[in-house]
Amino acid sequence: MDLASRYKGVVGLVFGDNPSSNEDSYIQRLLDRISNGTLPDDRRNAIVELQSVVAESNAAQLAFGGSGFPVIVGILKDQRDDVEMVRGALETLLGALTPIDHARAQKTEVHAALMNSDLLSREAENITLLLSLLEEEDFYVRYYTLQILTALLMNSQNRLQEAILTTPRGITRLMDMLMDREVIRNEALLLLTHLTREAEEIQKIVVFEGAFEKIFSIIKEEGGSDGDVVVQDCLELLNNLLRSSSSNQILLRETMGFEPIISVLKLRGITYKFTQQKTVNLLSALETINMLIMGGAATDPGKDSNKLANRTVLVQKKLLDHLLMLGVESQWAPVAVRCMTFKCIGDLVDGHPKNRDILASKVLGEDRQVEPALNSILRIILQTSSIQEFVAADYVFKTFCEKNREGQTMLASTLIPQPHPNTRGPLEDDVNLSFGSMLLRGICSGETDGDLETCCRAASILSHILKDNIQCKEKALKIVLESHVPSMGTPETLFQRIVRYLAVASSMKSKDKSSTMGKSYIQQIILKLLVTWTVDCPAAVQCFLDSRHHLTYLLELVANPAATVCIRGLASILLGECVIYNKSNENGKDAFAVVDAVSQKMGLTTYFSKFEEMQSSFIFSSSEAPPQGHKPLSRTATPSEAEIEDVDVANAMDKGNEDHPMLISLFDPSFTGLVKSLEGKIRERIVDVYSRPKSEVAVVPADLEQRSGENEKAYINRLKAFIEKQCSEIQNLLARNAALAEDLASSGKNEESQGSVQRSSTVMEKVQMESIRRELQEASQRLETVKAEKTKLESEASDYKNMAAKLESDLKGLSDAYNSLEQANYHLEKEVKSLKGGEDPMEFPDIEAIKEEVRKEAQKESEDELNDLLVCLGQEESKVEKLTAKLMELGVDVDKLLEDIGDESEAQVESDEEEDDH
């Protein structure tokens with residue numbers, strides 16, 4: 001084989017082509033004695049010396065790698081019967097693969113153990129050879145072989161995993177080691193733990209080989225959570241098998257069930273002593289429970305159904321009772337354990353209505369000292385000195401109230417103020433307090449001792465109860481709290497009390513328990529409650545604006561440079577909610593007044609910039625980022641005693657972050673998403689309010705019509721007043737646009753970065769464009785109305801002109817008829833005279849009488865027609881006069897119009913005469 005030649009090439013590159021150190025020559029002599037020696041004892045002594053040298057020197061490890069592997073591998077292949085030689089060979093291999101202590105090795109030395117591992121693992125048959133040694137009867141042979149495999153896994157993980165998978169019965173041999181003697185079992189357990197961390201195929205084979213039964217058997221044998229590090233290794237292996245595999249979780253649920261892992265959480269004994277190892281074991285078991293609750297990897301298609309089934313079965317197996325005992329009743333348990341327990345409880349009821357009902361019905365305590373489990377968790381929130389425990393317990397109420405209107409209503413129904421006791425005792429002295437009464441007492445606790453820490457924690461719970469529930473919000477608005485000293489204060493609503501505490505928090509010294517690292521979170525949590533309360537609740541907005549001081553303080557808070565970015569941003573959102581959810585028409589409290597106050601105090605550019613600052617802050621950018629996976633507990637990641645006593649908050653610290661890192665947990669993606677959606681609505685609504693006049697004038701074409709019974713003068717005056725009002729509104733809009741332009745110009749000088757200027761310019765340009773667009777729309781509507789009126793008048797004028805032409809034509813026809821009648825009469829008279837001259841007068845009728853009668857009838861008929869015509873002409877003349885007046889008002893030259901009509905009439909008459917002549 002070319003193993004040695006390859007390695008010599010690597011060594012030559014590092015040390016030159018002719019290494020001549022003492023170690024090299026010494027290693028070569030020992031290898032020669034081992035391979036060519038004739039005396040067995042000499043060969044055994046040589047391999048013992050080789051083992052000692054390789055374990056002590058980095059250079060010796062390099063020299064051994066250059067030529068020693070063929071010799072050692074040959075022993076393992078061909079000399080299985082010589083147990084001592086096999087042991088020595090395995091120990092030498094182990095020494096060559098084990099890194100030298102860094103304190104003893106020089107910094108410039110090459111990592112020989114890593115290079116040796118790489119070289120040995122390149123040949124898959126070497127791994128197969130090592131796996132075959134696991135079937136040897138000698139204890140040390142199996143033990144050293146497992147250690148060598150573990151060392152190879154640390155340095156060449158992928159190659160070892162592939163080699164084991166391709167080796168027949170490779171995983172089976174390793175699983176058989178779990179049933180071996182304790183020392184070998186523990187080594188095999190450690191090896192399997194490392195092997196299964198990311199290798200899905202190996203995980204499936206390990207489960208198929210009965211891993212669950214073997215793991216829980218070892219845990220039970222070691223004493224459960226009271227056992228040593230072996231229990232930790234077992235749970236770590238179990239977590240590797242369940243973490244990303246829904247199928248493995250289903251197999252565990254349908255074969256062994258969840259009872260074995262739940263039993264690990266059962267506390268035993270009387271003293272409930274928690275050692276460091278027991279704490280780690282419990283944390284590992286809780287991590288397993290949490291994996292089962294989550295149902296598998298996010299990309300697994302069967303995750304949701306598996307998650308629902310797991311949660312249902314876990315609660316059926318009384319897991320909730322063990323968690324409540326461990327996290328709520330066992331207050332002597334370490335904080336880390338209690339925090340993890342609360343997380344499991346929250347995940348267990350999240351989106352599961354039946355589990356929520358079971359949690360709500362749980363009662364804790366003994367004899368007369370019993371109370372609902374939710375009350376006990378609330379009591380922990382209000383009393384704990386650990387910020388992380390507060391966050392974890394708060395998560396229980398968040399998941400319990402999320403989309404649970406019945407649960408929210410149930411908790412809100414208990415919000416009944418209790419009279420102030422004469423001597424204020426701790427909350428634990430009265431277990432008979434209802435949930436709501438305890439919550440209200442927690443909110444009011446800062447009234448007496450000046451410590452708003454408890455108040456803000458209670459406010460966080462109240463925000464969960466009120467979220468997306470308008471009935472609970474309105475009920476809470478009706479709660480009236482008495483002053484602590486009735487003679488020195490008047491009752492006030494709960495909402496007003498919360499706003500007052502917000503103002504008090506900004507002026508208080510940092511003497512509360514939240515002053516860790518000089519960062520407070522009281523104002524942020526109270527603002528979160530107010531923002532949640534006022535969403536879709538005009539009554540809450542009205543309650544806020546009932547006091548002018550509230551709006552004034554909020555404006556000061558937004559403009560306060562000493563406040564953190566998060567505080568200013570949330571205050572801006574609350575201010576915006578007073579605009580978008582404002583239904584008041586009362587002067588000074590409507591949306592227009594709020595927008596006007598913002599514009600006068602800081603200008604819209606500065607106001608809108610608070611949104612961008614908040615969205616780019618550490619708290620909001622961290623909450624929107626995908627959650628980082630929890631680092632699994634292992635021997636290398638076991639927390640120290642100090643870390644177990646309380647979860648380290650500083651790991652979330654950011655030097656540029658002004659806000660407390662704990663807020664990352666409280667400001668979850670649902671709240672940050674709500675804030676982002678509110679930001680868009682606020683921008684649109686403020687632009688709409690600011691670009692419109694306070695009293696809008698609707699341009700309705702029907703209003704421009706002349707009303708019934710309205711004379712011309714009144715009609716004209718009304719139109720003038722309408723136009724003047726429109727002009728006034730246009731001037732008002734122009735003035736506002738000028739103010740916006742001035743605000744933009746001034747803000748542009750004060751911006752710290754070009755990016756901020758561009759964002760502000762975009763916002764102001766949007767406001768200006770919106771205002772100009774509305775002005776153009778209104779002017780266009782007025783122009784269209786005037787055009788329509790002019791078109792209508794012109795149409796009426798054309799109709800009147802056509803009617804006049806028709807009447808003139810009728811008059812002409814009557815005149816022609818009359819002339820024809822006269823001519824006929826004349827001819828008749830001539831005939832009568834001629835007849836009278838030649839005939840006897842007695843034989844003819846009285847022609848004169850007939851003539852007279854015909855003349856009278858024709859005259860009467862003509863007079864009737866003339867009278868009708870004159871009446872029509874009079875009516876038309878009146879309409880023509882009105883039309884003339886309107887045309888003159890519109891600027892039309894009436895005389896010229898009549899001349900045009902006359903010319904057309906004369907031309908028509910001449911045309912008719914020419915036709916008659918022809």
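Reading the values: rules and limits
- Residues numbered from 1 in each chain as written.
- Predicted model: local features only at pLDDT ≥ 70, side-chain atom pairs only at ≥ 80, totals over all residues.
- Heavy atoms only, no water.
- Salt bridge = Lys/Arg side-chain N within 4 Å of Asp/Glu carboxyl O.
- Buried < 20%, exposed > 50% of the residue type's maximum accessible area, 1.4 Å probe, protein only.
- Helix = DSSP H or I, 4+ residues; strand = E, 2+ residues; numbered from the N terminus.
- Phe/Tyr/Trp six-rings, centres within 6.5 Å; stacked < 30°, edge-to-face > 60°.
- Lys NZ or Arg CZ within 6 Å of the ring centre and 35° of its normal.
- Axes fitted to C-alpha atoms, helices over the stretch in contact; angles between N-to-C directions.
- Parallel < 35°, antiparallel > 145°, perpendicular 65-115°, else oblique.
- Left-handed = near helix turned anticlockwise from the far one by under 90°.
- Contact = heavy atoms within 4.5 Å.
- Nonpolar A, V, L, I, M, F, W, Y, C, P; charged D, E, K, R; others polar.
- Expected span 1.5 Å × (residues − 1).
- Arc of directions from axis to C-beta.
- Core = buried A, V, L, I, M, F, W, Y, C linked by side-chain atoms within 4.5 Å.

Chemist: Can you lay out the pattern of salt bridges for me, pointing to particular residues and giving the numbers?
Modeler: Under the definition given, this model contains 37 salt bridges. Salt-bridge contacts for Asp-42 lead to Arg-33; the nearest nitrogen and oxygen are separated by 2.8 Å. You can call Asp-42 partly exposed: its relative accessible area is 28%. Between Arg-44 and Glu-84 there is a salt bridge whose closest N-O contact spans 3.6 Å.

Chemist: How would you sum up the environment of Cys-566? Please name residues and give values.
Modeler: By the secondary structure assignment, Cys-566 is in helix H34 (residues 565-580). Residue class for Cys-566 comes out buried when judged on its relative accessible area of 0%.

Chemist: Just give me the short version of the packing of aromatic side chains, but keep the residues and values in it.
Modeler: Throughout the structure, instances matching the rule amount to 13 aromatic pairs. Ring geometry for Tyr-607 against Phe-611: centres 5.3 Å apart, planes inclined by 70°, an arrangement best described as edge-to-face. Pair noted here: Tyr-607 and Phe-611 are both in helix H36 (residues 604-615), with a separation of four residues, about one helical turn. For the pair Tyr-607 and Phe-611, one class covers both residues: buried. An aromatic cluster is defined as three or more aromatic residues linked by ring pairs; in this entry it consists of Phe-139, Tyr-140, Tyr-143 and Tyr-144. The ring of Phe-274 has Lys-278 sitting right over it, with the charged end atom 4.9 Å from the ring centre. Lying over the aromatic face of Phe-671, Lys-528 brings its terminal NZ or CZ to 5.4 Å of the ring centre.

Chemist: Describe in detail the packing of helix H4 (residues 58-67) against helix H7 (residues 112-121), supporting the description with residues and values.
Modeler: One way to put it is that H4 packs onto H7 with a least axis distance of 9 Å and a crossing angle of 20°. Judged by the inter-axis angle, H4 sits roughly parallel to H7. Seen from above, H4 lies across H7 with left-handed handedness. Seen from H4, the contacting residues are Asn-58, Gln-61, Leu-62 and Gly-65; seen from H7, they are Ala-112, Ala-113, Met-115, Asn-116 and Leu-119. Its residues placed into classes, the contact of H4 with H7 shows five nonpolar, four polar and no charged.

Chemist: Any chance you could break down helix H3 (residues 40-56) for me, citing the residues and the numbers?
Modeler: Residue pairs spaced three or four apart in an α-helix point in one direction, given the helix's 3.6 residues per turn. With 17 residues, H3 extends 25 Å between its outermost C-alpha atoms, agreeing within 8% with the 24 Å of an ideal straight helix rising 1.5 Å per residue. Along H3, the positions that sit buried rather than exposed are Arg-43, Ala-46, Ile-47, Leu-50, Val-53 and Val-54. End-on view of H3: buried residues confined to an arc of 125°, all on one side of the axis. Next to the buried residues of H3 lie helix H2 (22-36), H4, helix H5 (69-78) and helix H6 (83-97).

Chemist: A description of helix H26 (residues 435-444) should follow, citing residues and the corresponding values.
Modeler: Within H26, nine of the ten residues are buried, leaving the element largely enclosed by the surrounding structure. Buried within H26 we find Phe-435, Gly-436, Ser-437, Met-438, Leu-439, Leu-440, Gly-442, Ile-443 and Cys-444.

Chemist: Give me the lowdown on the nonpolar core, citing residues and values where you can.
Modeler: With 217 residues, the main nonpolar core has Leu-174, Ile-261, Trp-533 and Tyr-607 as its most contacted residues. Beyond its immediate stretch of four places on either side in the chain, Leu-174 contacts Leu-131, Leu-134, Leu-146, Leu-149, Ile-164, Ala-188, Leu-191, Leu-192 and Leu-195.

As far as function goes, none of this settles anything; it's purely spatial.
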